[in-house]
Amino acid sequence: DIPGAFMQARIDELLHVKLEGPMVDLMVRLDPTYAKFIAYEGRKKIIYTELDKALYGTMQAAYLFWKKLTSFLVNDLGFIINPYDPCVANKSINGNQFT
């Protein structure tokens, strides 16, 4: 398991997230400058924010992390992506295959 895996990949498109209720209060407590971005839907506080990094739960997150990991395995470590299954990378070291 790679801690914070999805947050390591930069997002490659404009994606906004809507924060509501207690999450808005937490954001403002962590950084009071966010207070100017609070809006209301009825009586519920909301903040819309733009993502810089992939966020777990978004449709793009797993794909972006896969692209980043695959690039590292191929370009930095010399693995070869299996042509029959792009989720498998192989490398031969001293006659031993690593997958």
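The coordinates are above.
Residues numbered from 1 in each chain as written. Predicted model: local features only at pLDDT ≥ 70, side-chain atom pairs only at ≥ 80, totals over all residues. Heavy atoms only, no water.

**Observations concerning the sheet that holds strand β6 (residues 96-98)**
Line of reasoning, step 1. The three strands lie next to each other as β4-β5-β6, forming an open sheet whose pairing is antiparallel. Each end of this open sheet is capped by a strand with a single partner; those strands are β4 (80-81) and β6.
Line of reasoning, step 2. As paired strands, β4 and strand β5 (residues 89-93) are joined by two bridges and run antiparallel to one another. Following the sheet pairing, Ile81 is matched in β5 by Ala89. (Pairing = 2+ DSSP bridges. Helix = DSSP H or I, 4+ residues; strand = E, 2+ residues; numbered from the N terminus.)

**Examining the pattern of salt bridges**
Line of reasoning, step 1. For the structure shown, the criterion picks out four salt bridges.
Line of reasoning, step 2. Residue Glu20 is joined to Lys18 by a salt bridge in which the shortest nitrogen-to-oxygen separation is 3.3 Å.
Line of reasoning, step 3. Under the relative-accessibility criterion, Lys18 is labelled partly exposed at 35%.
Line of reasoning, step 4. Ionic contacts of the salt-bridge type, sharing partners, join the residues Lys18, Glu20, Glu41 and Lys44 into one network. (Salt bridge = Lys/Arg side-chain N within 4 Å of Asp/Glu carboxyl O. Buried < 20%, exposed > 50% of the residue type's maximum accessible area, 1.4 Å probe, protein only.)

So yeah, pure geometry; function would need other evidence.
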